[in-house]
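What follows is the residue order along each chain.
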Amino acid sequence: MSAAKVKMREKKLRNQPSNVQYSSTHSVDNSDARQGGWVRGHHRDAGGYAKEMPKFITGGTFARARAAEVNAMLKAVNKTPGSSYVFAALPKHMRRRAMSHNTKRLPRRLRDVANRMREKTYQAATKKKKEQAKNKSRKARRRHGNLLLEFNRRQRKNIWLETHIWHAKRFHMVKKWGYCLGDRPTNKCYRPCYRAMSNHCLLQDLSYYCCIELHGEEDKLLAALSQLTSKDTGPTFASAVCLSGCRQGSLTVYKAGQYPSHPLGLVTFLWRPRTQGSALRQLWIWAHPTLKQDLLAELQAVCLCSEAVAMVTPVEAHPTTEPEPEKSSEAKLVPGKKRKRNHKDSSEPSAKKILGDGTRSTTSPVTWKSSLTGIIINDLTMELVRFRLIGPQSHSVLTDTLEAATRCEVLCKEQQPTHTSSLWWPELCKDESRMKLHQQQADLFHTLKSIFSSSELTAGTVLSLTVDDPRLNLPTKKVQALPCVQQAEEVCEEKRRELTLRGVPEHCCQSFLWDQSVRNSVTDNKIPEQTLNRMRREVLVPGSRLSPTPLQGRVPILLVHQPGKQLGTERTGWGAGWDLLLPKGWGMAFWVPLVYRGVRVGGLNMSLKHNQNKATPHFPHDYPDCPAGVRFQDEQEAELLNKLKRRPPAKRPNYIKLGCLAPLRCPWQQLAEEWELISRDLREEKTHDGPVEQQVSPLGGATVKPQHFTVLRSRSSLRLLSCWCRPSSSKGQRLRGVGESSPLSHSAASALVEAHRMSVVWVRLSLLSKGKPELHAMLCAPTAEDLRLLAKEQRANGPQEPPHKDHFKSRIGRSKKSQKTASPANDTSQSSDLVIGLWPDPLPSVSSHCSRVMLGWVTQGDFSLSAGCGEALGFITVSGLIHTLIKQPVEHRGTLLLRNPASLHYRFIKVNIEV
């Protein structure tokens, strides 16, 4: 036996009676142990214990051994264990619960022992507390420095916006496009959000949108940007109203010289007003994060800006980006040790450094310059904060929250700080011409109080202003901002009419937000919340405005009007509002005062619903011909497939039996190619039947015929299709005063089909009866029998699709059996990709798979609260729509069928192409 086993044996047998303990000689020698000794464990030589019974027992020896065991047992029972309390040794009738904490209730003979045990207990508890001190308390964990390190660690993959913590407490957060964004609130607020957009105001944080700044001569900028746009789709970067800087514009950009194919996506742009004596201009282009990299590459190509310029701006404070690990002193803190601050840290709060955003890495350049054209491209992502206010009373919320900046003369000399020279506003107050311009901007902002609804203003109006810190006049409780009748009467009627009809003058659109030095000064000199709270505590009347205004409390902003519904004749102006542009670091300083004015806050989900009610495409959901739209469709298909597989086969629809080929995605390319073949066959039939008239396109010159499908964005072609569809309201009622500019004829239809062979068109669909459209619902052409059914009953339910047969169910069953019987690998691999109820790739003919000819799919569908019926948005092939319109009678022209993916029931819908 080893020494360790011997030691363990002695430890276990130390309290045993002496008559059962053996000498070490018996335990060491296995041979002795087999003769009568006791050995713990197994024997090496496979020996065992003695199996022979003793031949005789000596009575005296046996009695002494048993007596020793009885004495040891009685001693162990009567002995008080060291781990128990002293009062446990008392008889049961003398034990009291109070003795455990009051030793004076014990007998005198036990008090000293109880006091000693009590001291040992306190010492043991103190040691445990010291050991637990390594885990810091909640107050220590939530110190500013520790919070900063934790927030930076959690932003390594997905960047936070400045309002992230506010949203994280109230919203379901999603990780998209390199950011962590709020998707929808945790409470049920779909209808309240719609009421806010219709009657009051809805607030959204759009700071994740990327801003790209172009700086250079106006002629060179327009020459470069003209390669990315086309006048056929509407106003371009060179639009006179937008070029002056008074209006914001929006357009779809394409790859250089590739129109109408290879679109990139939707962008909004804003020109800086011209400066006297300077030919240089500044342009801000706002794009979705999924579009930024594609757009930036095209801008660098057309502007010849391939030379990356090192950042010359100083390191700036920002509350949403992570610090650089090599240079950050806070990153070197050791967990468990107290954070030590130097003299600089004690006077100034910790700040984060700008090192990229969710759309670029921390080492990517942000500035590019061209030596040929002199154009400079700056990536201003996360440099500006953008809030969107949607609703008719959004201007009332702004006028109640913001106040025009006051001049510096109101401050006493004792109150002026020593670093006044580093602030931008005191220097600006010395220039009387700029103060006069500021007063004119303040008067225009005051005129907004007399406007009844935000939709009364011209679309895209830009108003510049410098305001005081909105935290200075924060209300004590939430109040709903509404227009004041008394203030509206004080405003001159002529000024109000001039603002609504002509907009803001060009000189009043100048803003100091365009200057990077001013933005840096405003961000660096922001008043901390701790200082503001100290100032509020010193106010005589609690809750009153902090006066005088500190010199650091002036912020330049830009108010950009967002138009509501502009297309069509229904609900014109619905969803109008304002965009508020701020310097970085001031997000929460403006967010909380806006929330205190009674606004409803929405997330990404409400942005989609806002576009759906305006009947406008939402990027990237409704841009299937753009790279960002293609990526979105792939992600959406994977998400829907995973959701479908999580349900058992018996609890999910069998789309094969329902005759739905693509319930998870829309194969636009295959549908466009099939309709191209159908159109070619129809042209060949007409050629064989007789001579064909010469087709003259009503649109003018020839159009490039792309091989890849595209979305029709030519305004002239859209107007022509809109007239042929006979536009109507959501309820199917004809609108008066709408005439046809060009009648529908075979020659005009053939020319339009020839010009746009591989194109799909954006349409708004309204159900003529009950029902709710769903995602990826099928749009089909009705037969003559269907139209006769509709003529008999205006609100007919529609035909039924006969059930289809599932040919893959038996194949899946055979594959499962073959796997059990170890079938060949090729058969198993072919059937392993099959999903019960889904068609495998490649798909059969999409257009002729069902009893009704397929024309397109729905990308957005829901019950419309504004229209009072089911509405859907989607795409239809131009060739299929024109061929369907020609065959339909005039009274039913533009009527199609809609069928949800999980239904066999067709419903009648009305097509509206709004231009």
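Residues numbered from 1 in each chain as written. Predicted model: local features only at pLDDT ≥ 70, side-chain atom pairs only at ≥ 80, totals over all residues. Heavy atoms only, no water.

Peer 1: How do you make sense of the overall build of the protein chain when you look at a structure like this?
Peer 2: For the protein chain, the count of helices and strands is 30 helices and 25 strands. When each of the 915 residues of the protein chain is scored for burial, the buried share is 47%. Sequence-distant contacts, at least 24 apart, represent 77% of the contacts inside the protein chain between residues at least 6 apart. Total accessible area on the protein chain is roughly 48400 Å²; 52% of this is exposed by carbon and sulfur atoms. (Helix = DSSP H or I, 4+ residues; strand = E, 2+ residues; numbered from the N terminus. Buried < 20%, exposed > 50% of the residue type's maximum accessible area, 1.4 Å probe, protein only. Contact = heavy atoms within 4.5 Å. Areas by Shrake-Rupley, 256 points an atom, 1.4 Å probe, with all protein chains shown as cover.)

Peer 1: Got a minute to help me understand the sheet that holds strand 14 (residues 384–390) in this structure?
Peer 2: Neighbouring strands of a sheet are bound in pairs by backbone hydrogen bonds; such pairs are parallel or else antiparallel. Read across the open sheet, the six strands follow the order 15-16-17-14-4-18; overall the sheet is mixed. Only two strands of the sheet have a single partner each, and these edge strands are strand 15 (462–468) and strand 18 (600–601). The pairing of strand 16 (residues 554–562) with strand 17 (residues 577–583) spans five bridges and is classified as antiparallel. Residue Val560 lies in a different strand from strand 17, and its bridge partner there is Asp579. (Pairing = 2+ DSSP bridges.)

Peer 1: Just checking my understanding: could you explain the pairing of strand 2 (residues 171–176) for this structure?
Peer 2: Each regular strand displays side chains that alternate between the two surfaces of the sheet. Note: strand 2 against strand 3 (residues 179–185), six bridges, orientation antiparallel. From the neighbouring strand, Phe171 faces strand 3, where its bridge partner is Pro185. The hairpin formed by strand 2 and strand 3 contains two residues between the paired strands, and Trp177 there has a positive phi angle of roughly 55°.

Peer 1: Mind showing me how you'd approach the packing of aromatic side chains here?
Peer 2: Two aromatic rings, taken as a pair, are described by how far apart their centres are and by the angle between their planes. Counted according to the given criterion, the structure contains 16 aromatic pairs. Considering the side-chain rings of Trp166 and Trp591, the 5.5 Å spacing of their centres and the 70° angle between planes classify their relative orientation as edge-to-face. Note that Trp166 is positioned in helix 8 (residues 164–168) and Trp591 in helix 21 (residues 587–595), a separation of 425 residues in sequence. Since its relative accessible area comes to 0%, Trp591 is described here as buried. Arranged with centres 5.9 Å apart and planes meeting at 25°, the rings of Tyr194 and Trp574 form a pair that is stacked. Here Tyr194 is found in helix 9 (residues 190–199), whereas its partner Trp574 is found in the loop between strand 16 and strand 17, with 380 residues between them in sequence. The class of Trp574 is buried, set by a relative accessible area of 12%. It is Arg66 that lies over the ring of Phe62; its NZ or CZ is 4.7 Å from the centre. (Phe/Tyr/Trp six-rings, centres within 6.5 Å; stacked < 30°, edge-to-face > 60°. Lys NZ or Arg CZ within 6 Å of the ring centre and 35° of its normal.)

Peer 1: Would you mind showing me how to read the pattern of salt bridges here?
Peer 2: Side chains that carry opposite charge are capable of pairing whenever their charged atoms lie near each other. What the rule picks out here adds up to 32 salt bridges. Of the charged contacts in the structure, one is a salt bridge between Asp379 and Lys292, with a shortest N-O distance of 2.5 Å. Of this pair, Asp379 sits in strand 13 (residues 376–379) while Lys292 sits in helix 12 (residues 289–302), and the two are 87 residues apart along the sequence. Each member of the pair, Asp379 as well as Lys292, carries the same accessibility label: buried. A salt bridge links Arg471 to Asp469; the nearest nitrogen and oxygen atoms lie 2.7 Å apart. (Salt bridge = Lys/Arg side-chain N within 4 Å of Asp/Glu carboxyl O.)

Peer 1: Any chance you could explain the sheet that holds strand 5 (residues 210–217) here in plain terms?
Peer 2: Reading across from one edge, 6-7-8-5-13-12-9 is the order of the seven strands in this open sheet, with antiparallel pairing throughout. Across the chains shown, the open sheet's two edge strands, defined by having one partner strand only, are strand 6 (249–254) and strand 9 (307–309). Along the sheet, successive strands turn relative to each other by an average axial angle of 30°, direction set aside. In the sheet, strand 7 (residues 263–271) pairs with strand 8 (residues 280–287) via five bridges, with the strands oriented antiparallel. Across the sheet, Leu270 pairs through a bridge with Trp284, a residue of strand 8. (Axes fitted to C-alpha atoms, helices over the stretch in contact; angles between N-to-C directions.)

Peer 1: Where do I start with the packing of helix 25 (residues 715–724) against helix 26 (residues 746–755) in this structure?
Peer 2: Helices that pack against each other are described as a pair by the angle of their axes relative to one another and the distance between those axes. Interhelical geometry of helix 25 versus helix 26 gives an angle of 140° and a closest axis separation of 12 Å. One way to sum up the angle between helix 25 and helix 26 is to call them oblique. The two elements helix 25 and helix 26 cross, and the hand of that crossing is left-handed. Of the residues in helix 26, those touching helix 25 at Ser717, Leu720, Leu721 and Trp724 are Ala748, Ala749 and Leu752. Classifying every residue of the contact of helix 25 with helix 26 by side-chain character gives six nonpolar, one polar and no charged. (Parallel < 35°, antiparallel > 145°, perpendicular 65-115°, else oblique. Left-handed = near helix turned anticlockwise from the far one by under 90°. Nonpolar A, V, L, I, M, F, W, Y, C, P; charged D, E, K, R; others polar.)

Peer 1: Got a minute to help me understand the pairing of strand 14 in this structure?
Peer 2: Across the seven residues that make up strand 14, a large majority, six, are buried. Bridge analysis of strand 14 against strand 17 gives seven bridges, and the strand direction is antiparallel. Residue Arg386 lies in a different strand from strand 17, and its bridge partner there is Leu581.

Peer 1: In this structure, what is going on with the nonpolar core? I would like to understand it.
Peer 2: One broad rule of soluble globular proteins: the nonpolar side chains tend to lie buried together. Leu721, Trp724, Val761, Ile876 and Ile913 are the most contacted members of the largest nonpolar core, which has 64 residues in total. At six residues, strand 20 (residues 759–767) tops the list of elements feeding residues into this core. With residues up to four places along the chain from it excluded, the contact list for Trp724 reads Ser742, Pro743, Leu744, Ala748, Ala749, Leu752, Ile882, Leu885 and Arg893. With 61 residues, the next largest nonpolar core counts Phe387, Ala481, Cys508 and Leu594 among its residues. (Core = buried A, V, L, I, M, F, W, Y, C linked by side-chain atoms within 4.5 Å.)

Peer 1: What is the right way to look at a nonpolar patch on the surface in this model?
Peer 2: On the surface, Val70, Met73, Leu74 and Val77 cluster together to form a nonpolar patch covering roughly 380 Å² of accessible area. Within the secondary structure layout, Val77 lies in helix 4 (residues 59–78). (Patch = residues over 30% accessible without salt bridge, like charges linked within 9 Å, V, L, I, M, F, W, Y side chains within 5 Å.)

Peer 1: Even after reading the chapter, I still don't get helix 10 (residues 218–225), so can you show me in this structure?
Peer 2: An α-helix turns once per 3.6 residues; consequently, residues spaced three or four apart project the same way. The complete set of buried residues in helix 10 reads Glu218, Leu221, Leu222, Ala224 and Leu225. Projection of helix 10 onto a plane perpendicular to its axis shows the buried side chains occupying an angular sector of 165°, all on one side. For helix 10, the secondary structure elements touched by its buried residues are strand 5, helix 11 (240–243), strand 7, strand 8 and helix 12. (Arc of directions from axis to C-beta.)

Peer 1: I'm lost on the environment of Val763 in this one. Help?
Peer 2: Residue placement: Val763 occurs in strand 20. Looking at Val763, the relative accessible area reads 0%, which means it is buried. Spatially, the C-alpha atoms of Val763 and Pro617 are 9.7 Å apart, while their sequence positions differ by 146 residues. The residues touching Val763, leaving out its near neighbours within four places in the chain, are Ala872, Leu873, Gly874, Phe875, Ile876, Val911, Asn912 and Ile913.

Peer 1: Hey, could you run me through the environment of Val853 in this one?
Peer 2: With respect to the helices, strands and loops of the structure, Val853 is situated in the loop between helix 29 (825–832) and strand 22 (854–864). Judged by relative accessible area, Val853 falls into the partly exposed class, the value being 36%. Val853 sits 72 residues away from Ala781 along the chain, and the two C-alpha atoms are 5.5 Å apart. In this view, Val853 contacts Trp675, Leu779, Cys780, Ala781 and Ser847; residues no more than four positions away in its chain are not counted.

Peer 1: Can you walk me through a positive patch on the surface in this structure?
Peer 2: A contiguous patch of positive charge, built from Arg138, Arg141, Arg142, Lys169, Arg170 and Lys478, is present on the exposed surface. Considering the arrangement of structural elements, one finds Arg141 in helix 6 (residues 138–141). (Lys, Arg positive; Asp, Glu negative; His and termini not counted. Charge placed at Lys NZ, Arg CZ, Asp CG, Glu CD.)

Peer 1: Whenever I open this one, unusual backbone geometry confuses me. Can you help?
Peer 2: Glycine aside, the phi torsion of most residues is negative, and most peptide linkages are trans. In this model, Phe619 is joined to Pro620 through a cis peptide bond whose omega is 0°. Relative to the helices and strands, Pro620 is located in the loop between helix 22 (604–614) and helix 23 (627–645). With an omega of 0°, the peptide bond running from Asp841 to Pro842 counts as cis. Checked against the element boundaries, Pro842 lands in the loop between helix 29 and strand 22. Within the chain, Met382 stands out as a residue other than glycine whose phi angle is a positive 70°. Within the secondary structure, Met382 sits in the loop between strand 13 and strand 14.

Peer 1: Explain the environment of Asp469 here, please?
Peer 2: Mapped onto the fold, Asp469 is located in the loop between strand 15 and helix 17 (485–490). Judged by its relative accessible area of 1%, Asp469 falls in the buried class. Distance in space between the C-alpha atoms of Asp469 and Thr401 is 9.8 Å, their sequence separation being 68 residues. In this view, Asp469 contacts Leu532, Gly553, Trp586 and Ala589; residues no more than four positions away in its chain are not counted. Here the side chain of Asp469 touches Arg471 through a polar contact of 2.7 Å, side chain to side chain. (Polar contact = N/O pair within 3.5 Å; in protein donor to acceptor, adjacent residues only side chain to side chain.)

Peer 1: Would you explain the confidence of the model for the protein chain in this entry?
Peer 2: Detailed reading of predicted coordinates is not advised where the pLDDT is low. On average, residues of the protein chain carry a pLDDT of 81, and 79% of them reach 70 or more. Taken as a whole, residues 410–415 scores under 50 in pLDDT and shows five contacts with residues more than four places along the chain or in a different chain. Counting contacts from residues 691–704, a segment whose pLDDT is below 50, to residues more than four positions away or on other chains yields 18 contacts. (pLDDT = per-residue confidence, 0-100.)

Peer 1: Please clarify how the state of the cysteines should be interpreted in this entry.
Peer 2: What makes a disulfide is a covalent bond joining the sulfur atoms belonging to two cysteines. Evaluated as defined, the whole model comprises zero disulfides. You can see Cys303 has no disulfide; the closest cysteine sulfur is in Cys305, sitting 5.2 Å from it. Among the residues examined, Cys303 registers a relative accessible area of 0% and is labelled buried. (Disulfide = S-S within 2.5 Å.)

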